[in-house]
Amino acid sequence: MSSKERPTLGGTRIKTRKRNIAAPLDPAAFADAVVQIYLDNAGDLELVAKNIESSDLNFSRYGDTFFEVVFTGGRTQPGTTKPDEGERHPYSIIECEPKREVILPSVIYIQKILRRRPFLIKNLENVMQKFLQSLELFEENERKKLAIFTALAFSQKLSGLPPETVFQPLLKDNLVAKGLVLSFITDFFKEYLIDNSLDDLISILKRGKVEDNLLEFFPPTKRSNESFSEHFSKEGLVALVEYNEKKIFEVKLKEMKSALTTQITEEVDISEVIENVKVRVRDAKLPDIEVVRVLWDVLMDAVQWSGKNQQQNANSALRQVKTWAELLNTFCTTGKLELELMYKVQMQCYEDAKLMKLFPEIIRSLYEQDVLAEDTILHWFRKGTNTKGRQTFVKALEPFVNWLEEAEEEE
């Protein structure tokens, strides 16, 4: 038997796929081409932008090099801010005057470039990080120009530039220790607040994840709230100082509230609780009115409220008042503070439906425990200024007030 003849590939050529051979990087040629566009147009940024948009330069490959040319006038050496070989132009951000009106056109120019080539935002981030991490390599006036540019970039909402790109690189220990970061951030704050509100600045700081760590911009030897206030007050940033003081106050108030809640929940001896509050009030310099408000909030928050049983709620609230009356009495030392406590009770009863009918009982209990004086209650009844639920509460308290007035007449 003859075997079948097998098919062959005779006469057929098998083509082999050629590998894509990448062209070698040539950032020097790219940089020279961009520099030439600047020189040809004598630094007119509108003309430079038009010529760049119509050019066939490979921005996707040399984005970092492009921004080096924009900022410094030419290429920089790898890992430094020192000029590299090649052509340079005198119209860069670093070469201009440290004035916002001079630097603003560069920000607008970059905005135009980014609108046409949004992928370049990552390259802008890279170059800004590189420069901000190397602040010590710039002269003082050059650092000021970078600060002004950065402030204007955020003020003009430069195509999605993330704040963390700017602020996180600044937190290098050596830069902070030399005071370079504090100087930079101060120039940044002052420049940004010319056109924007403090709320806008705080929003950027939050997005940059530094809002709670502003003291980290200060050298270790000056890292205190007193230094913060002194420095920024001297620089005319009083609003920032006030914001920081308010934030510190809120933190300390929150800490006291947390500690007090723990002690009351654990039923710590009242004398120990009083001493703890006194220490915190003294150390944090907390206003008496805020202390009274916190005390009442914590005491009522610790009550186990019933969903429907009104009598049980009344018993729980009155038991809490009786148990901790000495604590309230210790800090309600004036008629003004007693009145503030009444307003606090009024607001809580107004805002919480299950407590609405408890107002006169709570006030009577506070009177019986010597926390509220008769004069304070009568003043609230006749001249109280808080209108929330006032008509209802005045009517509910009227029998008790009548009893007080009759007792006063008999005496």
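Check the entry above for the structure.
Not measured: the values here are computed from a predicted model.

Visitor: Could you give an account of the environment of Phe 119, naming the residues involved and the relevant values?
Guide: Within the secondary structure layout, Phe 119 lies in the loop between α4 (100-116) and α5 (121-132). For the pair Phe 119 and Ser 60, spaced 59 residues apart in the sequence, the C-alpha separation amounts to 7.6 Å. Ignoring sequence-local partners within four residues, the contact set of Phe 119 consists of Phe 59 and Ser 60.

Visitor: Give a description of unusual backbone geometry that names residues and reports values.
Guide: Despite not being glycine, Lys 285 has its phi angle at roughly 55°, a positive value. With respect to the helices, strands and loops of the structure, Lys 285 is situated in the loop between α13 (270-284) and α14 (288-301). Even without glycine at this site, Asp 370 takes up a positive phi of about 65°. Its location among the elements puts Asp 370 in the loop between α18 (359-368) and α19 (374-383).

Visitor: Describe the packing of aromatic side chains, listing the residues and the values that go with them.
Guide: For any pair of aromatic rings, the description rests on two quantities: the centre-to-centre distance and the angle between the ring planes. Considering all chains together, one arrives at 21 aromatic pairs under this definition. Between Phe 131 and Phe 138, the aromatic rings sit 5.5 Å apart at their centres with planes inclined by 80°, giving edge-to-face as the arrangement. Per residue, the accessibility class of Phe 131 equals that of Phe 138, and both read buried. Taken together, a centroid distance of 6.3 Å and an interplanar angle of 10° make the contact between Phe 154 and Phe 167 stacked. Here Phe 167 lies in helix α7 (residues 163-170) and Phe 154 lies in helix α6 (residues 140-155), a separation of 13 residues in the sequence. Phe 167 matches Phe 154 in its accessibility class, with the two residues each being buried. Feature note: the residues Phe 154, Phe 167, Phe 188, Phe 189, Tyr 192, Phe 218, Phe 228 and Phe 232 constitute an aromatic cluster, connected by ring pairs. Here the guanidinium or amino end of Arg 364 rests over the ring plane of Trp 403, the centre of that ring lying 5.1 Å away.

Visitor: Report on α7, specifying residues and quantitative values.
Guide: Across the 8 residues that make up α7, a large majority, 6, are buried. Considered for burial, the residues of α7 that qualify are Pro 163, Thr 165, Val 166, Phe 167, Pro 169 and Leu 170. If you follow the buried residues of α7, they end up packed against α5, α6, α8 (173-177), α9 (180-195) and α10 (198-207).

Visitor: Pulling in residues and values, what's your account of the pattern of salt bridges?
Guide: The tally for this structure, following the rule as stated, stands at 16 salt bridges. Residue Glu 125 is joined to Lys 122 by a salt bridge in which the shortest nitrogen-to-oxygen separation is 3.6 Å. On the criterion of helical spacing, the pair formed by Glu 125 and Lys 122 is a turn pair, its members being 3 residues apart in helix α5. Given a relative accessible area of 49%, Lys 122 falls into the partly exposed group. Glu 405 serves as the salt-bridge partner of Arg 382, at 2.9 Å between the closest nitrogen and oxygen. You can see Arg 382 sitting in helix α19 and its partner Glu 405 sitting in helix α20 (residues 390-410), a full 23 residues away along the chain. Here Arg 382 falls in the exposed class, since its relative accessible area comes to 51%. Classification of Glu 405 as partly exposed rests on a relative accessible area of 23%. The network of salt bridges with common partners includes Arg 100, Glu 191 and Asp 195.

What counts, and where the lines are drawn
Residues numbered from 1 in each chain as written. Predicted model: local features only at pLDDT ≥ 70, side-chain atom pairs only at ≥ 80, totals over all residues. Heavy atoms only, no water. Helix = DSSP H or I, 4+ residues; strand = E, 2+ residues; numbered from the N terminus. Contact = heavy atoms within 4.5 Å. Phe/Tyr/Trp six-rings, centres within 6.5 Å; stacked < 30°, edge-to-face > 60°. Buried < 20%, exposed > 50% of the residue type's maximum accessible area, 1.4 Å probe, protein only. Lys NZ or Arg CZ within 6 Å of the ring centre and 35° of its normal. Salt bridge = Lys/Arg side-chain N within 4 Å of Asp/Glu carboxyl O.

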